[in-house]
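Each chain, written out:
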There are 2 protein chains.
Amino acid sequence: MLDTAKQGFITLMQTAEFLKNNDNFVILTHQNPDGDTLGSGFGLAMLLNSMGKTSTVICSDEIPEKYSYFTKFAPQNCDFGKKTTVIAVDVADSKLLGDLEAEYKDRVELCIDHHVSNNGYAKLTYLDASAAANCECIYDLALLLGVNVDKTMALALYTGISTDTGCFRFSNTTAKTLRIGANLMECGIDTAEINRIMFETKSRIRVELERMALEAMEFHFDDRCAIITVTREMYEKTGCKDEDLEGITSISRSIEGVIVGVTMRERQQGGFKISVRTYPPVDASEICKKLGGGGHIRAAGCQLGAEFSVQQAKKEILKYVKSVLEDDSAGIITDK
Amino acid sequence: MLDTAKQGFITLMQTAEFLKNNDNFVILTHQNPDGDTLGSGFGLAMLLNSMGKTSTVICSDEIPEKYSYFTKFAPQNCDFGKKTTVIAVDVADSKLLGDLEAEYKDRVELCIDHHVSNNGYAKLTYLDASAAANCECIYDLALLLGVNVDKTMALALYTGISTDTGCFRFSNTTAKTLRIGANLMECGIDTAEINRIMFETKSRIRVELERMALEAMEFHFDDRCAIITVTREMYEKTGCKDEDLEGITSISRSIEGVIVGVTMRERQQGGFKISVRTYPPVDASEICKKLGGGGHIRAAGCQLGAEFSVQQAKKEILKYVKSVLEDDSAGIITDK
């Protein structure tokens, strides 16, 4: 037996068998649910319904109204009074179950996921780390099981694929992702409308916050670094919540010539959450490590305590940005 | 003979034959060149090169530097001293040739296009109005001609497809568009990098202009209408050009709850260019027609003369927005 099999990692075929051999499913999605965990969960519920099985999708947090165009079609008919089968979708770690963790963390019989960081907390795990979105795995299962992907299932699965890839824009997108997108489109769904809801609609609070963030943006080091500060005052003025800040971190790096984009968010309780986004050749994690943080080469983060004022925090992070920009042994940065 | 054939509209097969039977091509792209006309032109040039033929792509306007990652690979080896064959790509009307119109308008032997509005100005026209991007037509030709689509040709064609569909987001996207995208991806191109250059990089001038536009945005009629005014003062302050304004018209409609988004641009010479974008059930062209303009149901435009001040112009367009919002015989708008 393979080592992976020992750890409970199973094949797509075995996953399909598991679904056939069980019934009355509780499908768990991750906290702060996004398009992919919801598309996977509700898409799987529809798939199970087509197989004559019952299921209910649950989440620790409220499911945003904007996903109702597909969530409303799921049967939600698990009988919690009988024996249930617990499946988690797009949940890399039981911690991500949020308030459902305590009740379910030792009861997850199958996890269907695409995160390479999945820690194998479930009894059985189907992991396809090559999938851009977990909804690709659900689509593969439907195909293998011979289940017809109808229009409502296509709405759910397309949503997950589109949201996890920025509508096929991000580097996780593969040729397979695009082909599944094409197949789902042929189920008769209005993909332009889905993408409008997912990408083109902003709340007024978000628009107001963006305006303030742009106004507060500063450029440093020959405009190679842009820094945006979202202060407590901005939170209060706009009434924005954390969800309104989604994507704010990508603004500073998106400006022509900028290779280090920094976003500082002042916490309600004081102190700062700092996000650093870079383009080659700058390593974002190198900057954040110096302040006790970490992350990836293009996206990293760190924190500064409440003892720092806005100006001091800015000075502190810029000091390390400067050192990385100046430590240019290869001569790539200054030659640019 | 079919009526369309009489007008010079030919099939893909006939288009392929035309390319085989001719040589030394001048490839014309449209003025203010975008990703699709350039992707089509340079992609076709690479295709012709693979067939052992010479060609040069020309344009009335300067080709923006950001497209150089594929334009630099085209041979550009037409011998203008010999007999040439003139082809236009993605050019619906000879007027769109800009400064090249006078020299070439009666000399276009073949036009390859996807605009349903193509007026048949060329001797022969291959028109595929179902194609989201004209680059789909060039891809189809390569397939039919048995020409290997290499990495550089894929860079050109993917760019056209991605830019004309907002990276597969707009309603013109078809399952075929996505499948061609998948095939081009398998030629080994970095689609995430292309999309970053095309969609995620903004000039500082553009960012500054967006900030000002957001600051000047007003809401009317229970927030169902948002209006943005770009004044001459903003032009002067930021030093922005017309190209920096691309996409500004979509901002106002993208706000939650807004069904009529209006953008007023004050002209350098006075007067206003007004763009109206709507969501169902509001007809944008109905609003613009009242001011002598026109357009489509979701996107329309009109103009107001220099006799109007900013405030008067705003009042004028809002009067008609109001009348359309109030003329709600179906009761759809006010019920929302």
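Residues numbered from 1 in each chain as written. Chains lettered and ligands numbered in written order. Predicted model: local features only at pLDDT ≥ 70, side-chain atom pairs only at ≥ 80, totals over all residues. Heavy atoms only, no water.

**Student:** Help me out: how do you make sense of the packing of helix α2 (residues 12–21) of chain A against helix α6 (residues 134–145) of chain A in this one?
**Tutor:** Packed helices, taken two at a time, are described by the angle their axes make and the gap between the axes. Residues and elements named next belong to chain A. Viewed as axis vectors pointing N to C, α2 and α6 meet at an angle of 70 degrees, and their least axial separation amounts to 10 Å. One way to sum up the angle between α2 and α6 is to call them roughly perpendicular. The residues of α6 that touch α2, namely those facing L12, M13, T15, A16, L19 and K20, are C137, D140, L141, L144 and L145. (Axes fitted to C-alpha atoms, helices over the stretch in contact; angles between N-to-C directions. Helix = DSSP H or I, 4+ residues; strand = E, 2+ residues; numbered from the N terminus. Parallel < 35°, antiparallel > 145°, perpendicular 65-115°, else oblique. Contact = heavy atoms within 4.5 Å.)

**Student:** Can you help me understand the confidence of the model for chain A in this one?
**Tutor:** Atom-level detail of predicted coordinates should not be read off regions where pLDDT is low. Residue and element names in this part refer to chain A. When the pLDDT values of chain A are averaged, the result is 91; 95% of them are 70 or greater. pLDDT under 50 marks residues 1–6. Its contacts with residues more than four places away, or in other chains, come to two contacts. The ipTM value of the predicted complex is 0.81, and its pTM value is 0.82. (pLDDT = per-residue confidence, 0-100.)

**Student:** Just checking my understanding: could you explain the interface of chain A and chain B for this structure?
**Tutor:** Frequently, the measure chosen for interface size is the accessible area removed from exposure when the parts meet. The interface of chain A with chain B comprises 36 residues on the first partner and 36 residues on the second. Overall, the association of chain A and chain B removes approximately 3400 Å² of surface from exposure, summing both partners, and the carbon and sulfur fraction of that is 61%. There are six salt bridges connecting chain A and chain B. Between R179(B) and E186(A) there is a salt bridge; the shortest N-O distance is 2.8 Å. Taken together, the connections running from chain A to chain B amount to ten residue pairs in polar contact (both at pLDDT 80 or more). Elements that contribute at least two residues to the side of chain A that touches chain B include exactly α8 (175–185), α9 (191–200) and α10 (204–215) of chain A. Tallying contributions element by element places α8(A) first for the side of chain A that touches chain B, with seven residues. (Buried area = accessible area lost by both parts, 1.4 Å probe. Salt bridge = Lys/Arg side-chain N within 4 Å of Asp/Glu carboxyl O. Polar contact = N/O pair within 3.5 Å; in protein donor to acceptor, adjacent residues only side chain to side chain.)

**Student:** Help me understand the environment of I227(B), please; the structure alone is not making it clear to me.
**Tutor:** All names here are of chain B. By secondary structure assignment, the location of I227 is in strand β7 (residues 225–230). Owing to a relative accessible area of 0%, I227 belongs among the buried residues under this scheme. Put simply, I227 and L318 are 91 residues apart on the chain and 8.7 Å apart in space, counted from C-alpha to C-alpha. (Buried < 20%, exposed > 50% of the residue type's maximum accessible area, 1.4 Å probe, protein only.)

**Student:** So what exactly am I meant to see when it comes to the sheet that holds strand β4 (residues 110–113) of chain A here?
**Tutor:** Sheet strands line up and pair through hydrogen bonds in the backbone, either parallel or antiparallel. Residue and element names in this part refer to chain A. One open sheet holds the five strands; their spatial order is β2-β1-β3-β4-β5, and the pairing between them is parallel. Of all the strands in the sheet, just β2 (55–58) and β5 (124–127) have a single pairing partner and so form its edges. Put simply, the sheet's adjacent strands are angled 20 degrees from each other on average, direction ignored. Of the pairings in the sheet, the one linking strand β3 (residues 85–89) to β4 comprises three bridges and is parallel in character. (Pairing = 2+ DSSP bridges.)

**Student:** Would you mind going over the domain arrangement of chain A with me for this structure?
**Tutor:** Domain annotation of chain A identifies domain 1 (12–199) and domain 2 (204–329). For domain 1 of chain A versus domain 2 of chain A, the distance between C-alpha centres works out to 33 Å. (Domains from an automatic or database assignment.)

**Student:** Sorry if this is basic, but what is going on with the relation of the copies chain A and chain B here?
**Tutor:** Note on the identical chains: chain A maps onto chain B by a rotation of 180 degrees and an axial translation of 0.0 Å, with an RMSD of 0.2 Å. These values place the two chain copies in the arrangement generated by a two-fold rotation axis. Mapped onto chain B, 100% of the interface residues of chain A are again interface residues, and the two copies thus contact each other with one and the same surface. (Least-squares fit on C-alpha atoms with pLDDT ≥ 70 in both.)

**Student:** What is the right way to read the environment of G294(B) from this model?
**Tutor:** Residue and element names in this part refer to chain B. Tracing the sequence through the fold places G294 in strand β10 (residues 294–295). Residue G294 is classed as partly exposed on the basis of its relative accessible area, which comes to 28%. Separated by ten residues in the primary sequence, G294 and A284 have C-alpha atoms spaced 8.3 Å apart. Other than its neighbours up to four places away in sequence, G294 contacts C288, A300 and G301.

**Student:** Would you take a moment to explain the side chain of R253(A) for this structure?
**Tutor:** All names here are of chain A. Checked against the element boundaries, R253 lands in the loop between α11 (232–238) and β8 (260–266). R253 sits in the buried class, given a relative accessible area of 16%. From its side chain, R253 meets the backbone oxygen of T278 in a polar contact 3.0 Å long. Sequence-distant contacts of R253, that is, excluding residues within four places in its chain, are made with V258, G261, R277, T278, Y279 and R298.

**Student:** Please clarify how the sheet that holds strand β6 (residues 218–220) of chain B should be interpreted in this entry.
**Tutor:** Residues and elements named next belong to chain B. Read from one edge of the open sheet, six strands run β6-β7-β8-β9-β11-β10, paired in mixed fashion. Every other strand in the sheet has two partners, leaving β6 and β10 as the edge strands with one partner each. Strand direction decides the pairing type here: β6 and β7, joined by three bridges, are antiparallel. Bridging across to β7, F219 finds its partner in A226.

**Student:** What should I look at first to understand the nonpolar core in this one?
**Tutor:** The biggest cluster of nonpolar side chains holds 106 residues, and the ones touching the most others in it are L19(A), I112(A), L184(A), L19(B), I112(B) and L184(B). Once residues lying within four places of it in the same chain are set aside, the contact partners of L184(A) are Y139(A), V149(A), A154(A), L157(A), Y158(A), I161(A) and I189(A). (Core = buried A, V, L, I, M, F, W, Y, C linked by side-chain atoms within 4.5 Å.)

**Student:** Explanation requested: the state of the cysteines in the structure shown.
**Tutor:** Covalently bonding the sulfur atom of one cysteine to the sulfur atom of another cysteine gives a disulfide. Residue and element names in this part refer to chain A. The full count for this structure, using the stated rule, is zero disulfides over all chains. Summary of cysteine pairing: C78 is not part of a disulfide, and the nearest cysteine sulfur, belonging to C59, is at 16 Å. On the basis of relative accessibility, which here comes to 11%, the residue C78 falls in the buried class. (Disulfide = S-S within 2.5 Å.)

**Student:** Would you mind going over helix α13 (residues 310–326) of chain A with me for this structure?
**Tutor:** For an α-helix the count is 3.6 residues per turn, leaving residues at separations of three or four pointing the same way. Counted at 1.5 Å a residue, the expected span for α13(A) with its 17 residues is 24 Å, and the 24 Å between its end C-alpha atoms agrees. Along α13(A), the residues classified as buried are A313(A), K314(A), E316(A), I317(A), L318(A), V321(A), V324(A) and L325(A). (Expected span 1.5 Å × (residues − 1).)

**Student:** Help me understand helix α3 (residues 35–50) of chain A in this model?
**Tutor:** Residue and element names in this part refer to chain A. Its 16 residues place the ends of α3 22 Å apart at the C-alpha level, agreeing with the 22 Å of an ideal helix rising 1.5 Å per residue. With 14 of 16 residues buried, α3 lies mostly within the body of the structure. Downstream of α3 by a residue or two, G52 has a phi angle that is positive, lying close to 80 degrees.

**Student:** I keep staring at the packing of helix α7 (residues 151–164) of chain B against helix α9 (residues 191–200) of chain B and nothing clicks. Help me out?
**Tutor:** Residues and elements named next belong to chain B. Across the interface, α7 lies against α9 with an axial gap of 10 Å and an inter-helix angle of 50 degrees. Between α7 and α9, the angle is such that the two are oblique. Judged by the twist between their axes, the crossing of α7 over α9 is right-handed. Side by side, α7 and α9 meet where L155, Y158, T159, S162 and T163 of the first sit next to T191, I194, N195, M198 and F199 of the second. In terms of residue class, the contact of α7 with α9 is built from five nonpolar, five polar and no charged. (Left-handed = near helix turned anticlockwise from the far one by under 90°. Nonpolar A, V, L, I, M, F, W, Y, C, P; charged D, E, K, R; others polar.)

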